[in-house]
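Close look at the chain arrangement
So you can see what is in the structure, the chains are spelled out below.
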Amino acid sequence: MEKIILLEPANAVGIYGQNNGNIDLLRNIYPKVKITARGNEIKIVGEDSEVELFASRFELLQKHYEQFGKINENDILNITASEDDSFYRMDSSSMVDNIILHGREGRVIKAITPNQRRMVESAAKNDMVFAIGPAGTGKTYTAVALAVRALKNKQVRRVILTRPAVEAGENLGFLPGDLRDKLDPYLQPLYDALWDMMPMQKLISYLDDKTVEIAPLAFMRGRTLDNAYVILDEAQNATESQIKMFLTRMGRNAKFFITGDITQIDLPKHQKSGLINAGRILKGVKGIDFIYMDNSDVVRHQLVTKIIQRYEQWDEEKNQQQQENEKA
């Protein structure tokens, strides 16, 4: 099958990328399709199903470019990897609604996948949201973006980000330096997300006056968190008592976001993850929502999805072998 796709002449250079880099990336993603790009015309040749798949995804790439005026490698990987077209098939006004905020240097930060969009929608309706799923699904990044937006819109007075330190044990004494030196390596992913979303001087100012606070989970004990957007990251490494302690810190006009990956629990074997238990206990409580991310939400390098799939397969085979050994 042969198909010709015509582009708006003004869009061709931007869609093709520097030195046709975007076209080369598409050739790698769709090796079964021959892609020839000349001027504002793209010719694709291959099996019917492969050509139709490429054409449908390329249409989404065009819509993305028309909406945002640019397209990069991550955009291409996210759109071509998505199994759900509905997010990208929205009209322009709906696409704008998925922008959470504009970060540093005008960077557009938006919900990319359907479940990230669910996180945004759920945060508007619920005061407590759990986002559970594998690495790279944007759980923390989306939650931090929502928190920064709430702060900028003066919906809350402060943002508090917390996570269990040092594999949930919080035994920091053996590390060199003062308390901040000991903690910062374990809180760095939260700093990284914030640096994408705020000018450096503004963030430093917020950190100094505690408008934005980043602290280990143990520091939440005994506090009541009013007028705050509070995020517990890496919640799978919080014990049952720590999760209960954290959730009951909720004060007036507060939003709580809890994120974690139950496949990466670092707790000692004799301790249970409070995140798993919370899902059982709090299911169905009005005002609390649980969102479960999956491999289709991974927005990191395309290899991350494959790695996660292989590890899931390996875990399943290991469990089956263990069951067989127990029967024997």
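Everything discussed here concerns the structure shown above.
Residues numbered from 1 in each chain as written. Predicted model: local features only at pLDDT ≥ 70, side-chain atom pairs only at ≥ 80, totals over all residues. Heavy atoms only, no water.

Quick notes on the pattern of salt bridges
- In this structure the tally under the stated criterion is nine salt bridges.
- Two residues, lysine 63 and glutamate 59, come together in a salt bridge whose shortest N-O distance is 3.7 Å. Taken together, the positions of lysine 63 and glutamate 59, both in helix 3 (residues 48–68) and four residues apart, correspond to about one turn of that helix.
- The exposure class of lysine 63 is partly exposed, given its relative accessible area of 33%.
- One salt bridge in this structure joins aspartate 233 and arginine 163, with 2.8 Å as the shortest N-O distance. One end of the pair, aspartate 233, is in the loop between strand 9 (228–232) and helix 10 (240–247); the other, arginine 163, is in strand 7 (residues 158–163), and 70 residues separate them in sequence.
- Residues joined in a network through salt bridges with shared partners are Arg163, Asp233 and Glu234. (Salt bridge = Lys/Arg side-chain N within 4 Å of Asp/Glu carboxyl O. Helix = DSSP H or I, 4+ residues; strand = E, 2+ residues; numbered from the N terminus. Buried < 20%, exposed > 50% of the residue type's maximum accessible area, 1.4 Å probe, protein only.)

Thoughts on the nonpolar core
- Residues Leu194, Tyr229 and Phe257 are the most contacted members of the largest nonpolar core, which totals 36 residues.
- Ranked by residues supplied to this core, first place goes to helix 7 (residues 139–152) with eight residues.
- Setting aside its immediate chain neighbours within four residues, phenylalanine 257 contacts Met119, Ala123, Val129, Ala131, Ala143, Leu146, Tyr229, Val230, Ile231 and Leu232. (Core = buried A, V, L, I, M, F, W, Y, C linked by side-chain atoms within 4.5 Å. Contact = heavy atoms within 4.5 Å.)

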